Amino acid sequence: MNKEVIRLERESVIPILKPKLIMTLANLIEHSSDRAEFLKLCKRVEYTIRAWYMLQFEDLMQLYSLFDPVSGAQKLEQQNLSPEEIDVLEQNFLTYVFQVMDRSNFKITTDEEIDVALSGQYLLHLPITVDESKLDKKLLKRYFEEHHHDHLPDFADEYVIFRRGIGVDQTTDYFFMEKLDMLIGRFWSFLMRRTGLEKLLSRRSKRRHKPDPKKDDEINSETEQNDLSVERHRLENMELSFRNLLGKVTIQEPTFDRIIVLYRQASTKSKAERGVYLKHFRNIPMADMEIVLPEKKNPGLTPLDWVKFLVSAVVGLVAVITSAQLHEIDLWVGMAILSTVIGYCAKTYFTFQQNMAAYQNMITQSMYDKQLDSGKGTLLHLCDDVIQQEVKEVIISFFILMEQGKATRQDLDLRCEELIKEEFGESCNFDVDDAVHKLEKLGIVARDTIGRYYCVGLKRANEIIGTTTEEMVLKAQQGISTT
């Protein structure tokens, strides 16, 4: 099966579990006394960073309680706030949410990324659209007017899709109906080429075509090195053979490891909607990203399906009527033509019914298997993600400075990425700026006269941070248990 390569920008998220990261780095330290000091430092770093964010996260949760779709309306009534005051609070809430999204390395999905993702089909074969009349258009519009973001998608006034992490999903099956659709699609392409319609349509599409740097094969070496390449195996690119047509085949689709959708439902004449919805999904195939859209319309036949349906019926009827008028019709030929037309119409109908069943199954799966959490649970996930990512960035940066000595910002960035690649086999765009900012704030890293970063010794680093509240609580609990 021919492969299609999709190139995406590398992300800053470190895809390594924190315990595995800490133990692996600790085992690289030669002396056992230094190893013990390093493990103590890792705990103190995490406790301190968690304390830094505690008050901010508490404010975020308090604000969300006012805009919880389930119970927020009652709390807003109890506060006796004016509409203007509520507007200010909800904008403050969105500001907190977008800050947490950024610090946990979630990115707003752009139109370009969505076009690349939806340029193929995977398991979903129905056109899914959003019922815009059911979505609020004021909340996010007001936010983006006050907080500028580059490359916002066209639908940013109605809902925002955040994504993080890239994975791969594979499915093996016979795909008989999908293969039949593929054969019909290739036959239609052949007819369009023979009739010249393809050239006419291609001229129109070229006028609207915009170059896609992520799918261009002729990219420079620097871009290719920085981007992440993932393969897509589609039935549309399958080589025609009896083995492929009659046997099982494996299709492959890149996935967004995590997706969070933020939106608000539209207000009605009787009720002003103030609830903000947050839904958290995992392992969503790029080509099937429509399943996470809010307020989806019920799917129907595509315009192309209707065109094929009507053209086939008209061509078949014209062939039968023309043959009858010429008195050259053969009973079996007429029946064959009618059977072909009826069979194709039946195939279109049953394919649609099969796709509807698959769609319902995918929606159910997205609710039970793919959806991680919603509302407050999503925010708690995000808050923990922020802490885990920043702790890992700080630990890796300190370890590099401790083991390899002084480094410029660029050298430190490169060394951290090389360590992650060599020890864990993972790639990421390491966020060195945030890491050194936290290290300087902790007081365990400084810069020399020429701007190179250096760290203090392990024992001195633990003395600078000092005993944390969590350590004192643990010691107290151990004292109580021994007595």
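Predicted model only: the values in this text are computed from it and were never measured. (Residues numbered from 1 in each chain as written. Predicted model: local features only at pLDDT ≥ 70, side-chain atom pairs only at ≥ 80, totals over all residues. Heavy atoms only, no water.)

### Some words on the pattern of salt bridges
Step number 1: Applying the stated criterion across every chain, the model contains 21 salt bridges.
Step number 2: Between E90 and R142 there is a salt bridge, with its nearest N and O atoms 3.1 Å apart. Here R142 lies in helix α6 (residues 139-146) and E90 lies in helix α4 (residues 83-103), a separation of 52 residues in the sequence.
Step number 3: Note on R142: relative accessible area 25%, which makes it partly exposed.
Step number 4: The partner of E440 in a salt bridge is R447, and the shortest N-O contact between them spans 3.2 Å.
Step number 5: Judged by relative accessible area, E440 falls into the partly exposed class, the value being 30%.
Step number 6: One continuous salt-bridge network, built from bridges that share partners, spans D87, E90, R142, R264 and R274. (Salt bridge = Lys/Arg side-chain N within 4 Å of Asp/Glu carboxyl O. Helix = DSSP H or I, 4+ residues; strand = E, 2+ residues; numbered from the N terminus. Buried < 20%, exposed > 50% of the residue type's maximum accessible area, 1.4 Å probe, protein only.)

### What about the packing of aromatic side chains?
Step number 1: Counting across every chain of the model gives eleven aromatic pairs.
Step number 2: With centroids separated by 5.9 Å and ring planes inclined at 65°, the aromatic side chains of F38 and F399 adopt a geometry described as edge-to-face. Here F38, found in helix α2 (residues 32-67), pairs with F399, found in helix α13 (residues 376-404); they are 361 residues apart in sequence, far enough to count as distant.
Step number 3: Both rings, one in Y64 and one in F93, keep their centres 5.8 Å apart while their planes meet at 35°; by these two values the pair is tilted. Here F93 lies in helix α4 and Y64 lies in helix α2, a separation of 29 residues in the sequence.
Step number 4: Owing to a relative accessible area of 4%, Y64 belongs among the buried residues under this scheme. (Phe/Tyr/Trp six-rings, centres within 6.5 Å; stacked < 30°, edge-to-face > 60°.)

### What about the environment of L135?
Step number 1: Along the chain, L135 turns up in the loop between α5 (111-117) and α6.
Step number 2: The residues contacting L135, other than those within four sequence positions of it, are V130, E158, Y159, Y263, R264, Q265, A266, P294 and E295. (Contact = heavy atoms within 4.5 Å.)

### Things to note about unusual backbone geometry
Step number 1: Although it is not a glycine, F175 adopts a positive phi angle of roughly 50°.
Step number 2: Mapped onto the fold, F175 is located in the loop between β3 (159-173) and α7 (176-195).

### Description of the nonpolar core
Step number 1: Residues F38, F93, F162, L379, I396, F398 and F430 are the most contacted members of the largest nonpolar core, which totals 74 residues.
Step number 2: Sequence-distant contacts of F38, defined by excluding residues within four places in its chain, comprise I22, L25, A26, I29, I395, F399, M402 and L458.
Step number 3: Counting residues in hydrophobic clusters, the runner-up holds 26 residues, among them L124, V130, F256 and Y263. (Core = buried A, V, L, I, M, F, W, Y, C linked by side-chain atoms within 4.5 Å.)

### A look at the side chain of T109
Step number 1: Note on placement: T109 falls in the loop between β2 (107-108) and α5.
Step number 2: Not counting residues up to four positions away in its chain, the partners in contact with T109 are I114, P153, I161, F162 and R163.

### Re the packing of α4 against α6
Step number 1: The geometry of α4 relative to α6 is characterised by a closest axis approach of 10 Å and an angle of 70° between their N-to-C directions. In terms of orientation, α4 and α6 fall into the roughly perpendicular class. Here α4 runs over α6; the crossing is right-handed. Here D87, E90, Q91, L94, T95 and F98 of α4 come into contact with α6, specifically with L139, L140, R142, Y143, F144 and E146.
Step number 2: Of the residues that constitute the contact of α4 with α6, the class distribution is six nonpolar, two polar and four charged. (Axes fitted to C-alpha atoms, helices over the stretch in contact; angles between N-to-C directions. Parallel < 35°, antiparallel > 145°, perpendicular 65-115°, else oblique. Left-handed = near helix turned anticlockwise from the far one by under 90°. Nonpolar A, V, L, I, M, F, W, Y, C, P; charged D, E, K, R; others polar.)

### Topic: the packing of α2 against α13
Step number 1: One way to put it is that α2 packs onto α13 with a least axis distance of 9 Å and a crossing angle of 150°. Taken together, α2 and α13 sit at an angle that is classed as roughly antiparallel. As for how α2 packs across α13, the hand of that crossing is right-handed.
Step number 2: Partitioned by chemical class, the residues of the contact of α2 with α13 number 21 nonpolar, one polar and five charged.

### Considering the pairing of β3
As a general feature of sheets, a regular strand has side chains that alternate between the two faces.
Step number 1: Pairing analysis gives two bridges linking β2 to β3, with the strands arranged antiparallel. Each bridged residue has a counterpart across the sheet, and for K107 the counterpart in β3 is R163.
Step number 2: Note: β3 against strand β5 (residues 249-263), 14 bridges, orientation antiparallel. The residue of β5 that forms the bridge with Y159 is Y263. (Pairing = 2+ DSSP bridges.)

### A short note on helix α1 (residues 18-27)
Step number 1: All of the buried residues in α1 are K18, L21, I22, L25 and A26. Projected onto a plane normal to the axis of α1, the buried residues spread over an arc of 125° and lie on a single side. The outward face of α1, more than 90 degrees from its buried face, is lined by the exposed residues P19 and N27.
Step number 2: Elements that come into contact with the buried residues of α1 comprise α2, α13 and α14 (409-424). (Arc of directions from axis to C-beta.)

These results come straight from atomic positions and should not be treated as a statement about function.
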